[in-house]
Amino acid sequence: MASLQISFFTPNRTVQVYIAFAPAGAEAERLFIIMECSLGQKIAELRRTANITQEILAEKMGVSPQAVSKWETGQSCPDIMLLKNLSATLGVTVDELLSPKKIDHAVLVPDAQRKKSEDMLLRIVIHSSEGDDIKLNLPLLLLTTLIEAGFGPDSFPSGSALKNVDFDKIIRLAQAGVAGQLIEIKDAEGDIISISLE
Amino acid sequence: MKITIKSSDGPKIKLPVPANLLLRFLAKDETAQTPPQSLRKVTRALRCSKKILQGESLVEIHSADGDHIIIQL
């Protein structure tokens, strides 16, 4: 599986698109696939980020380096009594350690794991360069109904940043099973706009 | 629908606004001529959205000055 990050640079903005491609031979429509992240992978990733070797982590946890290796390869799991100490050593909370990894790029979720598009959320996050933060969590069901009822982008005031967002396309992507971060834009003024489907 | 406004130096204001009332107000706008049937659909969608959001806010604005505006269903 290959992952591709495309960045477009224009005089006014930088647009980043994240795409994960399916391996060769997969169905043509399955361009994106979900990247699963097990607890072991997460431990390995966090350990590398914290710049700790398996030996040091093992010593801190009071286990053998082979045990840490087994955690990271998914052959075994750390004992529940070690979780608090392990998460503290890796610099995260127990909740963050055990929570599934947040999808930070667009993927095509397989049918079996796919949410109904009506149950999905469209998240729009705007971090302005002036320090203002705006978060919109729009359930797709509500968005679709609002557009049908005439409260769509056409009714937004002129100059609204959301007026040019193609919501129909986003809804179609969700219906096709796409999830994760769709786009991240950084404009010349330093505002960062991120749109994702969850 | 709950609208919470908290300014950095002022009191916290919580405004419970009936979603139906707000929709009727928006529908009276000349640009959006919404039939009552569509309004009923939106009301239903709002009710379902409350479950989807599971306590998360619909809109959150945190200004650099320390003011917060939160809209929850």
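What counts, and where the lines are drawn
Residues numbered from 1 in each chain as written. Chains lettered and ligands numbered in written order. Predicted model: local features only at pLDDT ≥ 70, side-chain atom pairs only at ≥ 80, totals over all residues. Pairing = 2+ DSSP bridges. Helix = DSSP H or I, 4+ residues; strand = E, 2+ residues; numbered from the N terminus. Core = buried A, V, L, I, M, F, W, Y, C linked by C-beta atoms within 7 Å. Buried ≥ 20, exposed ≤ 12 C-beta atoms within 10 Å, placed from the backbone. Contact = placed C-beta atoms within 7 Å. Axes fitted to C-alpha atoms, helices over the stretch in contact; angles between N-to-C directions. Parallel < 35°, antiparallel > 145°, perpendicular 65-115°, else oblique. Nonpolar A, V, L, I, M, F, W, Y, C, P; charged D, E, K, R; others polar. pLDDT = per-residue confidence, 0-100. Arc of directions from axis to C-beta.

Asks: Explanation requested: the pairing of strand β4 (residues 121-127) of chain A in the structure shown.
Replies: Where a strand is regular, its side chains alternate between the two sheet faces. All names here are of chain A. As paired strands, β4 and strand β5 (residues 133-139) are joined by seven bridges and run antiparallel to one another. Paired with I124 across the two strands is L136, which belongs to β5. The antiparallel hairpin formed by β4 and β5 contains five residues in its connecting segment, where G131 sits at a positive phi of about 100 degrees. Here β4 pairs with strand β7 (residues 192-197) via six bridges, running antiparallel. From the neighbouring strand, I126 faces β7, where its bridge partner is I193.

Asks: Can you walk me through the nonpolar core in this structure?
Replies: Nonpolar side chains tend toward joint burial in soluble globular proteins. In this structure, A:L122, A:L142, A:A174, A:V178 and A:L197 are the most contacted members of the largest nonpolar core, which totals 28 residues. Every element with two or more residues in this core is listed here: β3 (107-108), β4, α6 (140-148), α7 (167-175) and β6 (178-187) of chain A together with α2 (36-53) of chain B. By residue number, the principal contributor to this core is α6(A), which donates five residues. Once you skip the residues sitting within four places of it in the chain, A:L122 turns out to touch A:L138, A:L140, A:L143, A:I170 and A:L197.

Asks: Would you take a moment to explain the packing of helix α2 (residues 54-61) of chain A against helix α3 (residues 65-73) of chain A for this structure?
Replies: Axes are the key here: two packed helices are described by the angle between their axes and the distance separating the axes. Residue and element names in this part refer to chain A. Where α2 meets α3, the closest approach of the two axes is 8 Å, and the angle between their N-to-C directions is 110 degrees. With respect to α3, the axis of α2 lies roughly perpendicular. When α2 is examined against α3, the residues Q54, E55, L57 and A58 are found in contact with a partner set consisting of P65, A67, V68 and S69. Class assignment for the residues of the contact of α2 with α3 results in five nonpolar, two polar and one charged.

Asks: Would you mind going over α6(A) with me for this structure?
Replies: Residues spaced three or four apart along an α-helix face the same direction, because each turn holds 3.6 residues. Burial of α6(A) is extensive: seven of the nine residues sit out of reach of the surface. Every buried residue of α6(A) is accounted for by A:L140, A:L141, A:L142, A:L143, A:T144, A:T145 and A:L146. In this fold, the buried residues of α6(A) make contact with β4, β5 and α7 of chain A together with α2 of chain B.

Asks: Sorry, what's going on with the confidence of the model for chain B here?
Replies: A low pLDDT score tells you not to read the predicted coordinates there in detail. Residue-level pLDDT values for chain B average 82, and 89% of them are 70 or greater. As scored by the predictor, the complex reaches a pTM of 0.60 and an ipTM of 0.83.

Asks: Mind showing me how you'd approach the interface of chain B and chain A here?
Replies: Think of interface size as the accessible area that goes away when the parts come together; that is how it is often given. Taken together, the contact between chain B and chain A spans 24 residues of the former and 20 residues of the latter. Breaking the side of chain B that touches chain A down by element, the ones donating at least two residues are α2 and β3 (59-62) of chain B. Looking at the side of chain B that touches chain A element by element, the count peaks at 10 residues for α2(B). Looking at the side of chain B that touches chain A residue by residue, the class counts come to 13 nonpolar, eight polar and three charged. Relative to β3(B), β5(A) runs antiparallel, the two being bridged by four bridges. Along β3(B), the bridge assignment pairs A:L136 with B:V59.

Asks: What's the story with α3(A) in this structure? I'm lost.
Replies: Residues and elements named next belong to chain A. Where α3 is concerned, the buried positions are V68, W71 and E72. Along the axis of α3, the buried positions cluster into a sector of 95 degrees, meaning they face one direction only. Residues of α3 that are exposed and point over 90 degrees away from its buried face: Q66 and T73. Elements that come into contact with the buried residues of α3 comprise α1 (39-49) and α2.

Asks: I would appreciate a short explanation of the pairing of β7(A) in the present structure.
Replies: Residue and element names in this part refer to chain A. Pairing analysis gives six bridges linking β6 to β7, with the strands arranged antiparallel. The residue of β7 that forms the bridge with G180 is L197. Counting the residues between successive antiparallel strands, the hairpin from β6 to β7 contains four residues, one of them, G190, with a positive phi of roughly 95 degrees.

Asks: Sorry if this is basic, but what is going on with the packing of α1(A) against α3(A) here?
Replies: All names here are of chain A. It is at 6 Å that the axes of α1 and α3 come closest, and there the two elements cross at 120 degrees. Taken together, the axes of α1 and α3 lie oblique to each other. Listed contacts from α3 to G40, I43 and A44 of α1 are W71, E72 and T73. In the contact of α1 with α3, the residues fall into three nonpolar, two polar and one charged.

Asks: Looking at this model, I keep getting lost on the confidence of the model for chain A. Mind explaining?
Replies: Residues and elements named next belong to chain A. A residue-level look at chain A finds 72% of positions with pLDDT of 70 or above and a mean pLDDT of 75. Element-level pLDDT for chain A is lowest in strand β2 (residues 13-21), with a mean of 49, against a maximum mean of 90 in α2. Confidence drops under pLDDT 50 across residues 20-37; counting only partners more than four residues distant or on other chains, this segment forms 34 contacts.

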